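# Remarks on the overall topology
Spelled out from the first residue to the last, the chains are:
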4 protein chains.
Amino acid sequence: MNRISPLAAPLVALHDRDQRGFASDNYAGVHPQVLEAIAVANGGHQTAYGDDVYSARLTSVLSERFGKPVEAYPVFNGTGANVVALRAACERWEAVVCTDSAHIHVDECGAPEAMGGVKLLVVPGVDGKLVPASLDTLGTRRGDEHTVQPRVVSITQATELGTVYTTEEIAAVVDAAHERNLLVHVDGSRLANAAAHLGVDIGAIVGATGVDLVSLGGTKNGMLMGEAVVALNPDAARGWKFVRKQSMQLASKMRFVSAQLLALYEGDLHLQTAGHANAMAARLADAVAGLPGLTLRPVQANAVFATLPIEVSLRLQERFHFYFWNETTGEVRWMCSWDTTPADVDAFAAAIRAELT
Amino acid sequence: MNRISPLAAPLVALHDRDQRGFASDNYAGVHPQVLEAIAVANGGHQTAYGDDVYSARLTSVLSERFGKPVEAYPVFNGTGANVVALRAACERWEAVVCTDSAHIHVDECGAPEAMGGVKLLVVPGVDGKLVPASLDTLGTRRGDEHTVQPRVVSITQATELGTVYTTEEIAAVVDAAHERNLLVHVDGSRLANAAAHLGVDIGAIVGATGVDLVSLGGTKNGMLMGEAVVALNPDAARGWKFVRKQSMQLASKMRFVSAQLLALYEGDLHLQTAGHANAMAARLADAVAGLPGLTLRPVQANAVFATLPIEVSLRLQERFHFYFWNETTGEVRWMCSWDTTPADVDAFAAAIRAELT
Amino acid sequence: MNRISPLAAPLVALHDRDQRGFASDNYAGVHPQVLEAIAVANGGHQTAYGDDVYSARLTSVLSERFGKPVEAYPVFNGTGANVVALRAACERWEAVVCTDSAHIHVDECGAPEAMGGVKLLVVPGVDGKLVPASLDTLGTRRGDEHTVQPRVVSITQATELGTVYTTEEIAAVVDAAHERNLLVHVDGSRLANAAAHLGVDIGAIVGATGVDLVSLGGTKNGMLMGEAVVALNPDAARGWKFVRKQSMQLASKMRFVSAQLLALYEGDLHLQTAGHANAMAARLADAVAGLPGLTLRPVQANAVFATLPIEVSLRLQERFHFYFWNETTGEVRWMCSWDTTPADVDAFAAAIRAELT
Amino acid sequence: MNRISPLAAPLVALHDRDQRGFASDNYAGVHPQVLEAIAVANGGHQTAYGDDVYSARLTSVLSERFGKPVEAYPVFNGTGANVVALRAACERWEAVVCTDSAHIHVDECGAPEAMGGVKLLVVPGVDGKLVPASLDTLGTRRGDEHTVQPRVVSITQATELGTVYTTEEIAAVVDAAHERNLLVHVDGSRLANAAAHLGVDIGAIVGATGVDLVSLGGTKNGMLMGEAVVALNPDAARGWKFVRKQSMQLASKMRFVSAQLLALYEGDLHLQTAGHANAMAARLADAVAGLPGLTLRPVQANAVFATLPIEVSLRLQERFHFYFWNETTGEVRWMCSWDTTPADVDAFAAAIRAELT
């Protein structure tokens, strides 16, 4: 950021580049290597709408990463990825099974239903995870026109509660789903965090287990913006090209989404950044575990869910950004990101400790 | 692009940064000052989803630019901007009037209808422009439940055919619409090109004329990606915050969309880049006008629409990127962008001339 | 109507059973034989939602009537029939071609788009008929994700302007559509009127010509309410059972819709009632043709479209019910129905004559 | 049914008018007084689409019945009524709260979501009833664009499980909803059964308690087909006329829907028929209560929910029509209707008794 142009000068003072909190991995900025990839993809002309060399390379890189030929459709954001995936996978009368904490259910303003035209069938999750046995509750109304027909089971990896399915757990969901002629979609906005936690590649999670569709995350893991819908099962990819465009998720200058995704996924950057965020969450959890009045959920990915006295949290929020998860119980979510530093964690943990001891 | 990291190195060879064509202004990359604004907005944490300092500044900058307080909603792309604007402006039974060449009608894969839930009432355009008298053809069925109720007139400035409404023409459309209790929306993906052609600020086009809603362009004019829905009439902005999120157009790291828009619109960059693109189109038109077998539409913005023998175009396409506009009549579209050089134009014009003389 | 019960007694005085006009064939009541069929279908229990003996018989009767095995789906009304047919036939990104006077375009409050999720591509009609050559204007963007993909050509027989396609004209539309891999849907709310005019069975119109889907009319031709979606091409009937239910068109006591349709279509009642309505329209047209200041469109089905001085029509409306078709040109529509009498026509014609001579 | 015409003759033998079962109140036919009302409304012309004398009278009758001026919109069926009511009441980003056994959730093939554009927020019911405290679980995200905004609480009276809210329970739901600025919709397809059970008029249930919207049942209670959306709160009726038409629920010959509703609701016929069905269910429950291996839910309206050995039910189904409610637990539903006779009940009860003792 040396040599700031006169035009950019007034913007420089707008925010403090050293200020970070624990509110969301979406509060973080762009990883330098991602920014570099954008610069590299710049210059000259490239065919718009995905017929560029970066998007072609992305398909090839992700096919290798997932261990089978995939179709990869870069999109703008996570809600867009989920809606495109589910809208394309489902006929007009088909439905998607998910847990009660699923992002598609609670955090997308009804987009799957209102925009995707897809009803969600919500089952209770356990620690944020869908349990295969819950598919039994879908009942025996296959073919009954009075009820939507389940077509997709959607799970989130890592979950919205910061937990991580083991590959065996994913495989069990896939088996249970496939037995019932259901596809499996993984909302993988934090798939790399799960992989880093499990110590495997992302292919081991969704390629080897038989998952059909993935919303592959980018934004939360160091990109400026961008995700990709990835079809590992070609039969699940009916009409996606049209659905993506109609769903307002077709980037004209797609090379810049694809180049960012290449920066993350061609090498190990996605695991490095996610692994770092995970490590910071673990460091924070370790630092506060056992403090009087504070309880923690299991910490596996980059989130720490803690329950502590509400007035303590309110005081902490005066100095540190984070959100209540449940204003009634006092549970809060502390989210670490690729740019969280050990010093950030230590300062925050110290403040928590000072409050509680 | 010195100091390329090992990670980015394999990407460098992927495309030729000196190759440019006339296919689309979406083929061009990112303007250096826009890239700089992204870098400036990077670093540290900023509240996600629009509650950041760059987005706040954008509202203030655009309010000044348009000469009245506006609400500005950054979104991902042009189709998204149009669908959000129209979906928010219309009740479920209301409709949008547009011309037969409107992007929302012919180039958005039915998104206004399928995703926006809004029927389009198509009237014939003249040189791509909507004529106020065409609103008379909407008939007298106001209040008749058997037919959709017109609510918005949507025009494109500059038009899809490269023409530009004068401010008087816009004002006449606005007056005709408001007399009928209709709102006016401007698809302004090339609004700056229109302003540069008219020699006015964009505020003179949409602020002073009484336009209610604008889809303000960014991507075609040097941004990586991003547009903004702008409400100049607060009554037209019912529920937009929800509609934008539900329509999958809410960027989590919105600071980077807003910072790009600031780079374009805080100063005169939008007029410089658009004006340059216009000048290149004029240069091209001047160079080929009068060639035997070639006819031109009026060239006002950054597009040249030419009709010439199909076999000539097919031979030219072997060396230069451009598209047929109408494969039956042989009309082609040559689009100039912010990065088109005089040398690009001269080489292309020479090739055309060599073919036709 | 002898033996009116005390309960019904207050209703008897509510309206004049001898009053009839020329406003709409929907103003007429229920044909006595249709009412009898309802009574016959009454009593005892029948499986709901279509699994009854009357619905089964309907499929068999219509298969015979159309000359090939069909799937028949009784629904409530014409808009419902059209939306179910088109929604089931089209993928989410597909579209329907129709004329500018099509009921689906101008008289269904945007239901095909807002409820069916189907964009309409409107072409100019000639006398209300779609001309095969107009399919050429759909262009060559097959497979281009930026635009909806045409899937169905929908024509209305008899048309909304009272004209009737010959069977050769229908066959020509079908051939032109099938060559382009498009299905053909007939909005047949007045199909029997067309058959009566042509002197053929309805099967000759839609069975022998290769039409794929029909919205088969009932209400306008003497039923209390009810139409049927009929698939002559089984490939066009994907998921219809679900689509009908989801589209709120699945009657629980379907036996009563099916029994009415049987009353019309098992024998020749549909041709008798429609033929009578046609004859009354012809009688009216004959009686007023040539009157000074009055011009007529061709009268083929049960509508007379006349243009005459507006003030004359306004005076006539004080004594006779009918509607303006176009309040600017003064064109009016005089509609005859199964219960219009020669005396009704003669009295109306006399009044018109008295005004104009 | 004397004097059968030659046309109807082949239909007479189609079904056994003395055969009745316990499958559904939709299996029953039309009450004679309803059929008479149709005949009375027949003859002559009446303005289509609701501008007839029967529909006008219906509004007046229902206003009196509910104790306040209402808007009444006849529609075709229950799913249609619910979707019209909810689609009209909700903005595009608003949602409806209902229980897990709600018809709108489990038996409408996703129509509220796919056609109505309305997300359902499902809370656990107790005996099929929504408990006011469950509204607390909706959380505190009012105004948060990431989540749909609850707008309507929809309850079913009588419930899908055959239970009946007391008027105090309804009032408590209304109070809890209104405190949260939510409207209350009652799916009243069996509202008369609830009223009969409570010994009150339907106005006491939904007029006096402050309910805003009702789907008023007709078909299950002796009509051929037809329901009505009734707005007791005029503010909840925004754009209904358009929404009904667009939702394919506008009957052209509406006089026949309204006349049927008048037959039911102008006098006490709705209470007589529903009360009779309730009495038959009570008779059945009394007759089998206490049988070994059989347990019953509380029987309040016209349904008996019994759990008994599956093989017993399978044998009974060979002679009597009824459905499994839950094929896993062996719970079955025995539904009585307006035409169920004591002899029907006694024969069925005897067969059950013979199986179980």
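Now for a look at the structure at hand. The shown structure was predicted, so the numbers you read here are calculated from the model rather than taken from an experiment.

### Observations concerning the overall build of chain A
- For chain A, the count of helices and strands is 14 helices and eleven strands.
- Radius of gyration (C-alpha) of chain A: 21 Å, near the 21 Å computed for a compact globule of 357 residues.
- Dimensions of chain A, computed from the C-alpha atoms along their principal axes, are close to 60 × 55 × 35 Å.
- Expressed as a percentage of the 357 residues in chain A, the buried residues total 64%.
- Intrachain contacts of chain A at a sequence separation of at least 6 include 74% that bridge at least 24 residues.
- Per element, the accessible surface of chain A, about 11100 Å² overall, is 52% carbon and sulfur.
- When the 28 positive and 39 negative side-chain charges of chain A are each reduced to one mean point, those points stand 5 Å apart.

### A few points about the sheet that holds strand β4 (residues 149–156) of chain D
Residue and element names in this part refer to chain D.
- What the seven strands build is an open sheet, ordered β1-β7-β6-β5-β4-β2-β3; its pairing is mixed. Where the open sheet ends on each side, the last strands, each with one partner, are β1 (71–75) and β3 (119–123). Between one strand axis and the next, the sheet turns by 25 degrees as a mean value, whatever way the strands run.
- Where strand β5 (residues 183–188) lies against strand β6 (residues 213–216), four bridges are found, and the strand directions are parallel. The residue of β6 that forms the bridge with D187 is S215.
- Helix α11 (residues 255–265) contacts β1, β6 and β7 (227–231) of the sheet and is inclined by roughly 115 degrees relative to β1.

### Some remarks on the relation of the copies chain B and chain A
- Between the two copies, chain B and chain A, the superposition gives an RMSD of 0.0 Å; the rotation angle is 180 degrees and the shift along the axis is 0.0 Å. Here the copies are linked by what is in effect a two-fold axis. Ranked by how close their C-alpha atoms come to the rotation axis, the residues of chain B are headed by B:M115, at 2.8 Å.
- Looking at the interface residues of chain B, 99% of them are also at the interface in chain A, so both copies use one shared face.

### Section: helix α3 (residues 53–66) of chain C
Residue and element names in this part refer to chain C.
- Over its 14 residues, α3 runs 20 Å from end to end, which matches the ideal 20 Å to within 8%, given 1.5 Å per residue.
- For α3, the set of buried residues is Y54, S55, L58, V61, L62, S63, R65 and F66.
- The backbone nitrogen of Y54 has a side-chain oxygen 2.9 Å away, supplied by the residue at the start of α3, namely D52.
- After α3 finishes, the residue G67 shows a positive phi value of roughly 80 degrees.

### A look at the pattern of salt bridges
- In total, this model carries 60 salt bridges over all chains according to the counting rule given.
- A salt bridge links D:R141 to D:D144; the shortest N-O distance between them is 3.0 Å.
- Under the relative-accessibility criterion, D:R141 is labelled partly exposed at 27%.
- Note on D:D144: relative accessible area 24%, which makes it partly exposed.
- Salt bridges sharing common partners tie together A:E91, A:R238, C:E91 and C:R238.

Rules used throughout
- Residues numbered from 1 in each chain as written.
- Chains lettered and ligands numbered in written order.
- Predicted model: local features only at pLDDT ≥ 70, side-chain atom pairs only at ≥ 80, totals over all residues.
- Heavy atoms only, no water.
- Helix = DSSP H or I, 4+ residues; strand = E, 2+ residues; numbered from the N terminus.
- Rg over C-alpha atoms; globule rule 2.2 N^0.38 Å.
- Buried < 20%, exposed > 50% of the residue type's maximum accessible area, 1.4 Å probe, protein only.
- Contact = heavy atoms within 4.5 Å.
- Areas by Shrake-Rupley, 256 points an atom, 1.4 Å probe, with all protein chains shown as cover.
- Lys, Arg positive; Asp, Glu negative; His and termini not counted.
- Charge placed at Lys NZ, Arg CZ, Asp CG, Glu CD.
- Pairing = 2+ DSSP bridges.
- Axes fitted to C-alpha atoms, helices over the stretch in contact; angles between N-to-C directions.
- Least-squares fit on C-alpha atoms with pLDDT ≥ 70 in both.
- Expected span 1.5 Å × (residues − 1).
- Polar contact = N/O pair within 3.5 Å; in protein donor to acceptor, adjacent residues only side chain to side chain.
- Salt bridge = Lys/Arg side-chain N within 4 Å of Asp/Glu carboxyl O.

Geometry only, nothing functional implied.
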